[in-house]
Amino acid sequence: QVQLVESGGGLVQAGGSLRLSCEASGRTFSSYIMGWFRQAPGKEREFVGTISRSGASTYYADSVKGRFTISRGAAKNTVYLQMNSLKPEDTAIYYCAADLTGVGISILDRQYDAWGQGTQVTVSS
(Lines give C-alpha, C1' and ligand atoms only; values in the text may rest on other atoms or scores of the structure.)
Protein backbone atom coordinates (compact mmCIF):
# COMPACT_ATOMS: atom_id res chain seq x y z
CA GLN A 1 0.00 0.00 0.00
CA VAL A 2 1.20 3.49 -0.84
CA GLN A 3 0.57 6.56 1.25
CA LEU A 4 0.87 10.03 -0.23
CA VAL A 5 1.29 13.23 1.74
CA GLU A 6 1.10 16.68 0.14
CA SER A 7 2.53 19.85 1.64
CA GLY A 8 3.30 23.40 0.62
CA GLY A 9 -0.14 24.86 0.11
CA GLY A 10 -1.12 28.26 1.40
CA LEU A 11 -2.32 31.75 0.58
CA VAL A 12 -0.57 33.75 -2.11
CA GLN A 13 -1.33 36.88 -4.10
CA ALA A 14 -2.07 36.72 -7.79
CA GLY A 15 1.15 36.58 -9.77
CA GLY A 16 2.96 34.80 -6.96
CA SER A 17 4.42 31.32 -6.73
CA LEU A 18 4.08 28.23 -4.58
CA ARG A 19 5.75 24.84 -4.65
CA LEU A 20 3.77 21.81 -3.59
CA SER A 21 5.47 18.61 -2.51
CA CYS A 22 4.16 15.06 -2.47
CA GLU A 23 6.00 12.26 -0.73
CA ALA A 24 5.10 8.61 -1.16
CA SER A 25 5.72 6.03 1.53
CA GLY A 26 4.86 2.42 2.02
CA ARG A 27 5.40 0.15 -0.95
CA THR A 28 8.13 2.23 -2.52
CA PHE A 29 10.35 -0.35 -4.13
CA SER A 30 9.86 1.36 -7.47
CA SER A 31 8.79 4.76 -8.69
CA TYR A 32 5.33 5.43 -10.03
CA ILE A 33 3.61 7.62 -12.54
CA MET A 34 2.59 10.63 -10.47
CA GLY A 35 -0.14 13.12 -11.12
CA TRP A 36 -1.56 16.31 -9.70
CA PHE A 37 -5.25 17.11 -9.68
CA ARG A 38 -7.25 19.93 -8.16
CA GLN A 39 -10.79 20.58 -7.07
CA ALA A 40 -12.27 24.02 -6.64
CA PRO A 41 -15.40 24.62 -4.54
CA GLY A 42 -18.49 23.51 -6.40
CA LYS A 43 -16.49 22.05 -9.28
CA GLU A 44 -15.41 18.60 -10.30
CA ARG A 45 -11.86 17.41 -9.75
CA GLU A 46 -9.68 18.25 -12.73
CA PHE A 47 -6.36 17.07 -14.07
CA VAL A 48 -3.39 19.42 -13.61
CA GLY A 49 -0.35 17.48 -14.76
CA THR A 50 1.53 14.20 -14.72
CA ILE A 51 5.08 12.92 -14.79
CA SER A 52 6.39 9.58 -15.96
CA ARG A 53 8.27 7.10 -13.79
CA SER A 54 11.64 8.27 -15.04
CA GLY A 55 10.71 11.92 -14.97
CA ALA A 56 11.54 12.25 -18.64
CA SER A 57 7.96 12.93 -19.73
CA THR A 58 5.44 15.42 -18.42
CA TYR A 59 2.03 16.55 -19.60
CA TYR A 60 -0.09 19.46 -18.43
CA ALA A 61 -3.61 20.73 -18.67
CA ASP A 62 -3.91 23.68 -21.03
CA SER A 63 -5.01 25.90 -18.15
CA VAL A 64 -1.64 25.56 -16.40
CA LYS A 65 0.75 24.93 -19.29
CA GLY A 66 3.69 27.31 -19.20
CA ARG A 67 3.00 28.27 -15.58
CA PHE A 68 3.22 24.98 -13.68
CA THR A 69 6.07 22.49 -13.69
CA ILE A 70 6.14 18.97 -12.28
CA SER A 71 9.44 17.42 -11.30
CA ARG A 72 10.78 14.50 -9.32
CA GLY A 73 13.10 14.76 -6.36
CA ALA A 74 16.39 12.92 -6.09
CA ALA A 75 14.47 10.24 -4.24
CA LYS A 76 12.09 9.28 -7.02
CA ASN A 77 9.08 8.87 -4.76
CA THR A 78 8.92 12.59 -4.14
CA VAL A 79 7.29 14.82 -6.72
CA TYR A 80 6.93 18.59 -6.84
CA LEU A 81 4.48 20.98 -8.45
CA GLN A 82 6.03 24.39 -9.02
CA MET A 83 3.28 26.92 -9.61
CA ASN A 84 4.19 30.33 -11.01
CA SER A 85 2.11 33.29 -12.16
CA LEU A 86 -0.75 32.09 -10.02
CA LYS A 87 -4.26 33.31 -10.77
CA PRO A 88 -7.34 33.45 -8.54
CA GLU A 89 -8.85 30.69 -10.67
CA ASP A 90 -6.05 28.38 -9.51
CA THR A 91 -7.62 28.40 -6.05
CA ALA A 92 -8.45 24.79 -5.16
CA ILE A 93 -7.49 21.81 -3.09
CA TYR A 94 -4.57 20.15 -4.83
CA TYR A 95 -4.14 16.39 -4.71
CA CYS A 96 -1.25 14.21 -5.74
CA ALA A 97 -1.89 10.71 -6.96
CA ALA A 98 0.10 7.62 -7.90
CA ASP A 99 -0.53 5.23 -10.77
CA LEU A 100 1.12 2.07 -9.54
CA THR A 101 0.88 -0.01 -12.71
CA GLY A 102 0.69 2.33 -15.67
CA VAL A 103 3.22 2.97 -18.42
CA GLY A 104 4.14 6.38 -19.75
CA ILE A 105 1.87 9.09 -18.37
CA SER A 106 -1.67 9.07 -16.99
CA ILE A 107 -4.18 11.89 -17.36
CA LEU A 108 -7.41 10.28 -16.14
CA ASP A 109 -8.17 10.15 -12.44
CA ARG A 110 -9.47 6.59 -12.77
CA GLN A 111 -5.97 5.50 -13.75
CA TYR A 112 -4.62 6.41 -10.33
CA ASP A 113 -4.57 3.98 -7.43
CA ALA A 114 -3.50 6.07 -4.48
CA TRP A 115 -4.37 9.63 -3.47
CA GLY A 116 -3.12 12.11 -0.93
CA GLN A 117 -5.33 14.05 1.46
CA GLY A 118 -4.96 17.30 -0.44
CA THR A 119 -3.50 20.70 0.32
CA GLN A 120 -5.33 24.00 -0.01
CA VAL A 121 -4.05 26.66 -2.39
CA THR A 122 -5.71 30.05 -2.25
CA VAL A 123 -4.80 32.83 -4.66
CA SER A 124 -6.05 36.29 -3.78
CA SER A 125 -6.70 38.96 -6.36
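Described in the following lines is the structure provided in the data block. (Residues numbered from 1 in each chain as written. Predicted model: local features only at pLDDT ≥ 70, side-chain atom pairs only at ≥ 80, totals over all residues. Heavy atoms only, no water.)

1. Description of the pairing of strand β11 (residues 119–124)
Burial of the side chains of β11 is restricted to one face: T119, V121 and V123 are buried, whereas none of Q120, T122 and S124 on the reverse face is. Bridging between strand β2 (residues 10–13) and β11 involves four bridges; their strand directions are parallel. What sits directly across from G10, in β11, is V121. The sheet contact formed by strand β9 (residues 92–99) and β11 spans three bridges and is antiparallel. The partner of I93 across the bridge, within β11, is Q120. (Buried < 20%, exposed > 50% of the residue type's maximum accessible area, 1.4 Å probe, protein only. Helix = DSSP H or I, 4+ residues; strand = E, 2+ residues; numbered from the N terminus. Pairing = 2+ DSSP bridges.)

2. A short note on the pattern of salt bridges
As a working rule, side chains carrying opposite charge can pair if their charged atoms are close by. This model, assessed by the stated rule, comprises five salt bridges. The partner of R38 in a salt bridge is E46, with the nearest N and O atoms 2.5 Å apart. Given a relative accessible area of 5%, R38 falls into the buried group. Residue classification places E46 among the partly exposed residues on the basis of a relative accessible area of 35%. The partner of D90 in a salt bridge is R67, and the shortest N-O contact between them spans 2.8 Å. In this pair, D90 sits in the loop between β8 (78–83) and β9 while R67 sits in the loop between β6 (58–60) and β7 (68–72), placing the two residues 23 residues apart along the sequence. An identical accessibility class is assigned to D90 and R67; each is buried. Each of the salt bridges in this network shares a partner with another, and the network as a whole consists of R38, E46, R67 and D90. (Salt bridge = Lys/Arg side-chain N within 4 Å of Asp/Glu carboxyl O.)

3. Some thoughts on the side chain of R72
Turning to its location among the elements, R72 is positioned in strand β7. Although buried, R72 forms no salt bridge, and the nearest oppositely charged side chain, D99, lies 9.8 Å from it. There is a polar contact of 3.2 Å between the side chain of R72 and the backbone oxygen of R53. (Lys, Arg positive; Asp, Glu negative; His and termini not counted. Polar contact = N/O pair within 3.5 Å; in protein donor to acceptor, adjacent residues only side chain to side chain.)

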